[in-house]
Amino acid sequence: MQKVSDIMTTEVISFKPDTDISEAAKQLLENRINGAPVVDEDGKVVGILCQSDLIVQQKRFPVPSFFTLLDSVIPLVSQKHFEKEMEKMAAFKVSQAMTEKPVVVSPDTSLEDVAALMVDKKLHTLPVVDSGKLVGVVGKEDILRTLMP
């Protein structure tokens, strides 16, 4: 049975939380990758920045949805969700736009488990962590390559 360590990319493009958004976008485009891990100064994964996190900056200002019931205004989106969306739209640094606490896998994770995670959670790139440190990434293209003879 193949494991993540068999197919992962070990030369990882990653960002620091204080990287400028424009530099991160440039790196994603130039390297033709969907996303990259965000690591702190100790190499610990603190987030992941994907193209979709950057595209949100082009979105229109989201007017919060709500409904009224007996003269009460009830929001359909939590205040925290609304504030995070606004922060992403106005982001200047990676830390403001990244998805925090990303799903990570270990080098020993089976390809079947990785495929299930990607499909079930609609993920494209997963950081690979060993002993708390980033050691690689595995993406959908890595899994697809295993299907080729």
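Structure report, in brief. (Residues numbered from 1 in each chain as written. Predicted model: local features only at pLDDT ≥ 70, side-chain atom pairs only at ≥ 80, totals over all residues. Heavy atoms only, no water.)

### Some words on the pairing of strand E2 (residues 45-50)
Next, step 1: E2 sits mainly inside the fold: 5 of its 6 residues count as buried.
Next, step 2: Here strand E1 (residues 35-39) pairs with E2 via 5 bridges, running antiparallel. Bridge pairing in E2 links Val39 to Val45.
Next, step 3: Linking E1 to E2, which pair antiparallel, is a turn of 5 residues; within it Gly43 sits at a positive phi near 85°.
Next, step 4: In terms of strand pairing, E2 meets strand E5 (residues 99-100) through 2 bridges, oriented antiparallel. Within E5, the position partnered with Ile48 by the bridge is Thr99. (Buried < 20%, exposed > 50% of the residue type's maximum accessible area, 1.4 Å probe, protein only. Helix = DSSP H or I, 4+ residues; strand = E, 2+ residues; numbered from the N terminus. Pairing = 2+ DSSP bridges.)

### A closer look at the pattern of salt bridges
Next, step 1: A full pass over the atoms with the stated rule returns 4 salt bridges.
Next, step 2: Ionic pairing is found between Lys3 and Asp108, a salt bridge with its closest N-O pair at 3.6 Å. With Lys3 in the segment before helix H1 (4-7) and Asp108 in the loop between E5 and helix H6 (111-121), this residue pair connects regions lying 105 residues apart in the sequence.
Next, step 3: On the basis of relative accessible area, Lys3 is assigned to the partly exposed category, the value being 32%.
Next, step 4: The residue Arg145 makes a salt bridge to Asp142 at a minimum N-O spacing of 2.8 Å. Separated by 3 residues within a single helix, Arg145 and Asp142 lie in helix H7 (residues 140-145), roughly one turn from each other.
Next, step 5: Under the relative-accessibility criterion, Asp142 is labelled buried at 9%.
Next, step 6: Taken together, the shared-partner salt bridges connect Glu141, Asp142 and Arg145 into one network. (Salt bridge = Lys/Arg side-chain N within 4 Å of Asp/Glu carboxyl O.)

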